Amino acid sequence: MTLAVLASCALTGIDAPPVRVEVHLAPGLPSFTMVGLADTEVRESRERVRAALLSSGFDFPAGRLTVNLAPADQPKESGRFDLPIAVGVLLASGQIAMPSLAGRARAQDAVPPLARLVLAGELSLTGALVPIAGALAIALSLSRRQPGAELLLPAGSAGQAARVPGLRVYGAATLRDVVAHLEEKQMLSVTACHVDATAGPPPCLSDVKGQYGARRALEVAAAGGHNLLMLGPPGSGKSMLAQRLPGLLPPLRHDDALEAAAIASLAPGPAPTFGLRPFRAPHHSVSGAALVGGGARPRPGEITYAHLGVLFLDELPEFGRHVLDTLREPLETGRVSIARTQHRTEYPARFQLVAAMNPCRCGWHGSNVKACACTPDQVAAYRARLSGPLLDRIDLQVEVPAAGDDWADLPPGEPSAAVRRRVETALDLQHRRQGCANAALEPGQVDTHCRPDAAARALWKQAMKQFAWSARTAHRVLKVARTVADLAGAAEIGSPHMAEAVQFRRPLRER
């Protein structure tokens, strides 16, 4: 009887808990048994591993082969366990002769090479290694949990994982390359960090002509991390404005860029350019599970892929009301928790919500350009699709009027770079004062950092009474007023700052 033990990892949320792959070979009738709460994709690795070994010129051992993925109560999914299982079979059957296993480990190695090596990769039937999803999430989690560990991945995934500083990542193209590395016959080189092609400049705010009120609201939203709802007829520029918000935000710090890229690595398709803030714009037919995450085997949703970036919801009332209401908790907490019978998964979701909507079903209510075909009851019913608790969580609610006849003759607006400088100055002031953006202030912090002067407080209380604001709405208006004051460089919230904040919060249903 022989036993081989290797290290791999599962993937839960963006965390990669360790998994011990134990391969046991004993005499008896040929069989291949897999235990350890493995799902269908993992159980299918028996056939992939068998074919990959034979295609690579190795023998598949005769006897009772048992693979245990420990711990047994940790769910395992995907084909990333193919590689450690295949290597374990080769070790258990004596087809790999590792110097360290023969007692010839180098004296300077406090930990034997195999013990510090973590393997993950899917095998094709030819023995080639196929890129896996979540490579960067695995590398980031491993570097935090096990400093000094080494990670061996498919060559197509290694460049992405090599972004994590302090982690040695090896990339292999085939199973034979992995065996040659373990036998120290032909060592794999440490993978260099993948460098993305230079991305083009983001859309510039100067493309939007006119719409000075909406441009100002966008600047305030960027400067305080506030959520924004734009109300206006078709073609007024709402989508153009939303697409330019990421260009007003400061660049991501390296740690945040790694976290955003790790989340993006969980999604199918090509990875976005490293360091750019995410911008997600799901269609209004999106399901609740696709928006916030879920499924029988939980997967992240659009709000997680928008983490540290912008989530844009166009035609907001066309989304299902129950779908929109699932946003209420993540907008408050910055996280989404998905509970299932056997396990619970938590994903980060600190995103900035930007939404756009028409004033009515036909889109022309209150417009001087075209007559509205909706009755007052139809207008009210259309706007009532948005629940009060959701609107409570949207700090800025502004009107974007239809462009005038002279819009083509208007000069270009202020470029994004100039606005971004003011935004960065305001955000830097907020982080030095309270350690976070104004939108993230807790209720107790609002009383400390958002104190208006006497005139501004009187205006705030008058608006609170006139519009019947909830306590949450009143606090959010104070946060917006604090942001307006920060953009002006004022130490205290004055009545001009408060008046602008109140104007940004006119009740939607009264328009």
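For the structure itself, consult the block above.
The numbering scheme is per chain: residues are counted from 1 as the chain's sequence reads. Only residues with pLDDT of at least 70 get local features here, since the model is predicted, and only at 80 or more are side-chain atom pairs given and counted; chain-wide, interface and lining totals rely on the full set of residues. To obtain the side-chain values, all non-hydrogen atoms of the structure were used and water was disregarded.

(A) Representation of the packing of aromatic side chains within the structure. Working definition: rings of Phe, Tyr and Trp (its six-membered ring) pair if their centres are within 6.5 Å, and the pair is stacked with planes under 30 degrees apart, edge-to-face with planes over 60 apart, and tilted otherwise. The final tally for this structure, using the stated rule, is 3 aromatic pairs. By the criterion adopted, a ring carries a charge over it if an Arg CZ or a Lys NZ lies within 6 Å of its centre and within 35 degrees of its normal. Across the ring face of phenylalanine 60, the terminal group of arginine 50 is positioned such that the distance to the ring centre comes to 4.4 Å. When the ring centre of phenylalanine 274 is taken as origin, the NZ or CZ atom of arginine 163, which lies over that ring, is 4.1 Å away.

(B) Just the sheet that holds strand β15 (residues 352-357), in detail. Following DSSP output, two strands are said to pair if at least two bridges run between them. A run of H or I in DSSP becomes a helix once it reaches four residues, and a run of E becomes a strand once it reaches two; helices and strands are each numbered from the N terminus. The 5 strands are arranged β11-β12-β15-β10-β16 in an open sheet whose pairing can be described as parallel. Unpaired on one side and paired on the other, β11 (279-280) and β16 (396-399) mark the two borders of the sheet. Sheet analysis places β11 next to strand β12 (residues 310-313), joined by 2 bridges and oriented parallel. Note that in β12 the partner of phenylalanine 279 across the bridge is valine 310.

(C) Layout of the layout of surface pockets. Space inside the largest pocket adds up to approximately 1,200 Å³. Each cavity reported here is a set of points on a 1 Å grid over the protein atoms alone in which a 1.4 Å probe fits but cannot get out, each pocket an open set with protein on both sides within 12 Å along at least five of seven lines, and each lining residue one with an atom within 4 Å of a point. Lining the largest pocket are 41 residues; nearest its centre among them are Gly225, Arg350, Ala437, Ala439 and Ala440. Taken together, the elements giving at least two residues each to the lining of the largest pocket come down to α7 (212-224), α13 (328-333), α16 (416-434), α17 (443-449) and α19 (471-488). Residues are grouped as follows: nonpolar covers Ala, Val, Leu, Ile, Met, Phe, Trp, Tyr, Cys and Pro; charged covers Asp, Glu, Lys and Arg; every other residue, Gly included, is treated as polar. Split into classes, the residues belonging to the lining of the largest pocket amount to 18 nonpolar, 11 polar and 12 charged. Grid points are joined across faces, edges and corners, and a volume is the space filled by probe spheres set on the points.

(D) Examining the pairing of strand β13 (residues 335-339) more closely. Taking every second residue as pointing to the same face, the buried face of β13 carries Val336 and Ile338, while none of Arg335, Ser337 and Ala339 on the other face is buried. One ladder, built from 5 bridges, connects β13 with strand β14 (residues 344-348); its direction is antiparallel. If you follow serine 337 over to β14, its bridge partner there is glutamate 346. Between buried and exposed lies partly exposed: a residue is buried under 20% and exposed over 50% of the maximum accessible area for its type, with that area taken using a 1.4 Å probe on protein chains only.

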